[in-house]
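Descriptive analysis of the structure
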Amino acid sequence: MDAGGISDLDLEKYDSDEQVKIICLGDSAVGKSKLMERFLMDGYRPQQLSTYALTLYKYTTTINGQTVLVDFWDTAGQERFRSMHPSYYHKAHACVMVFDVQRKITYKNLPNWYKELREYRPEIPCLVVANKIDADIKVTQKSFNFAKKQGLPFYFVSAADGTNVVKVFKDAIQMALSYKKNSSDFMDEVMRELENFDLESKEESSDKEEETQEGKPDSA
Ligand SMILES: Nc1nc2c(ncn2[C@@H]2O[C@H](COP(=O)(O)OP(=O)(O)OP(=O)(O)O)[C@@H](O)[C@H]2O)c(=O)[nH]1
Ligand SMILES: [Mg+2]
């Protein structure tokens, strides 16, 4: 894999018709990287290491005779940070949100990830993915209602044996493309405008004003 240069992080490119950006969210160790690797290389190497930096996985496909370049964005250690840098969401066209069926807490955290996603990208398609079903196939009989409640597509998958992995990512690409075609540029325009504001000013105004010590003489 090429190391990639700074141009890989040039977000302007996502304005062109044939490029889409798909992000992946979810707690640490749910299998985000393994799912992408499975899809892209159609191989699976169990590995304990987690990814500590941003990884861009590049994928090229042809849809309706048109070449489409897909960038899958993967980042790691998300659990520790609880939230992502805004540029991770910027100009994303679809999101794959992953939890681990073997660890309930990763399912319980989905609403947090979803809330943050919607703060930055109110409209993009979001696919909910229950990973690691190979470890216990019976979990597919359990109901995970979060996706249904939010009206999101839901998939049982396994990066280990490949179940539904291609389906999820192909669907994600399709949805990203149709989002890009059909969404009015209006929302992106608004987001761009908002980003010109100092993001912190939002926080300041919602915080209670700190008491100021200024001008107070030291009491001796
Ligand atoms: N049994 C099983 N194990 C899996 C599956 N997918 C991933 N794993 C294992 O789960 C662990 C975490 O997988 P990663 O892909 O590194 O998880 P991640 O979500 O990218 O984690 P961070 O990079 O830390 O955010 C690894 O040990 C994988 O081998 C799966 O489908 N089934
Ligand atoms: Mg990872």
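Located above this text is the structure these notes cover.
About the criteria used
Residues numbered from 1 in each chain as written. Chains lettered and ligands numbered in written order. Predicted model: local features only at pLDDT ≥ 70, side-chain atom pairs only at ≥ 80, totals over all residues. Heavy atoms only, no water. Helix = DSSP H or I, 4+ residues; strand = E, 2+ residues; numbered from the N terminus. Contact = heavy atoms within 4.5 Å. Areas by Shrake-Rupley, 256 points an atom, 1.4 Å probe, with all protein chains shown as cover. Buried < 20%, exposed > 50% of the residue type's maximum accessible area, 1.4 Å probe, protein only. Arc of directions from axis to C-beta. Phe/Tyr/Trp six-rings, centres within 6.5 Å; stacked < 30°, edge-to-face > 60°. Lys NZ or Arg CZ within 6 Å of the ring centre and 35° of its normal. Lys, Arg positive; Asp, Glu negative; His and termini not counted. Salt bridge = Lys/Arg side-chain N within 4 Å of Asp/Glu carboxyl O. Polar contact = N/O pair within 3.5 Å; in protein donor to acceptor, adjacent residues only side chain to side chain. Axes fitted to C-alpha atoms, helices over the stretch in contact; angles between N-to-C directions. Parallel < 35°, antiparallel > 145°, perpendicular 65-115°, else oblique. Nonpolar A, V, L, I, M, F, W, Y, C, P; charged D, E, K, R; others polar. Pairing = 2+ DSSP bridges. Expected span 1.5 Å × (residues − 1). Core = buried A, V, L, I, M, F, W, Y, C linked by side-chain atoms within 4.5 Å.

1. Points about the overall build of the protein
Helix and strand counts for the protein stand at 9 helices and 6 strands. Contacts in the protein between residues at least 24 apart in sequence constitute 73% of all its contacts with a sequence separation of at least 6. Roughly 13,200 Å² of accessible area belongs to the protein as shown, and the carbon and sulfur atoms make up 50% of that amount.

2. With respect to helix H5 (residues 110–120)
Those residues of H5 not exposed but buried are Leu110, Trp113, Tyr114, Glu116 and Leu117. Around the axis of H5, the buried residues are gathered within 165 degrees of arc, so they sit on the same side.

3. Digging into the packing of aromatic side chains
Aromatic rings considered in pairs are described by the distance between their centres and by the relative angle of their planes. For the structure on display, the rule yields 16 aromatic pairs. Centre to centre, the rings of Phe39 and Phe169 are 5.0 Å apart; their planes meet at 20 degrees, and the pair counts as stacked. With Phe39 in helix H1 (residues 32–41) and Phe169 in helix H7 (residues 165–182), this pair connects stretches of sequence that are 130 residues apart. In terms of burial, Phe39 and Phe169 fall into one category: buried. Between Phe99 and Phe144, the aromatic rings sit 5.2 Å apart at their centres with planes inclined by 55 degrees, giving tilted as the arrangement. Here Phe144 lies in the loop between strand S5 (126–131) and helix H6 (146–150) and Phe99 lies in strand S4 (residues 94–100), a separation of 45 residues in the sequence. Of the two residues, Phe99 and Phe144, neither departs from the other in class, the shared state being buried. Taken together, the ring pairs connect Phe99, Tyr107, Phe144, Phe154 and Phe156 into an aromatic cluster. Looking at Lys21, its charged tip hangs above the ring of Trp73, at a distance of 3.6 Å from the centre.

4. Points about the side chain of Glu116
For Glu116, the location among the structural elements is in helix H5. Although buried, Glu116 forms no salt bridge, and the nearest oppositely charged side chain, Lys115, lies 8.1 Å from it. At 2.5 Å, the side chain of Glu116 forms a polar contact with the side chain of Tyr89.

5. Some points on the packing of H1 against H7
One way to put it is that H1 packs onto H7 with a least axis distance of 9 Å and a crossing angle of 90 degrees. With respect to H7, the axis of H1 lies roughly perpendicular. Between H1, through Leu35, Met36, Arg38 and Phe39, and H7, the contact on the second element is made entirely by Val165, Val166, Phe169, Lys170 and Ile173. Split into classes, the residues belonging to the contact of H1 with H7 amount to 7 nonpolar, no polar and 2 charged.

6. Details of the pairing of strand S2 (residues 55–63)
The pairing of S2 with strand S3 (residues 66–74) spans 9 bridges and is classified as antiparallel. Considered in S3, the bridge of Leu56 is made with Trp73. Count of turn residues in the S2/S3 antiparallel hairpin: 2 residues, of which Asn64 carries a positive phi of about 50 degrees.

7. Some remarks on H7
A rise of 1.5 Å per residue sets the reference length of H7, with its 18 residues, at 26 Å; its end C-alpha atoms lie 26 Å apart and thus fit the reference within 8%. Within H7, burial applies to Val165, Val168, Phe169, Asp171, Ala172, Ile173, Ala176, Leu177, Tyr179 and Lys180.

8. A word on the nonpolar core
By size, the foremost hydrophobic cluster in this structure holds 59 residues, and its most contacted members are Phe72 and Met97. Sort the elements by how many residues they give to this core and H7 lands first, with 8 residues. Those residues in contact with Phe72 that lie beyond four places of it in its chain are Ile22, Met36, Phe39, Leu40, Thr55, Leu56, Tyr57, Tyr59, Phe169 and Ile173.

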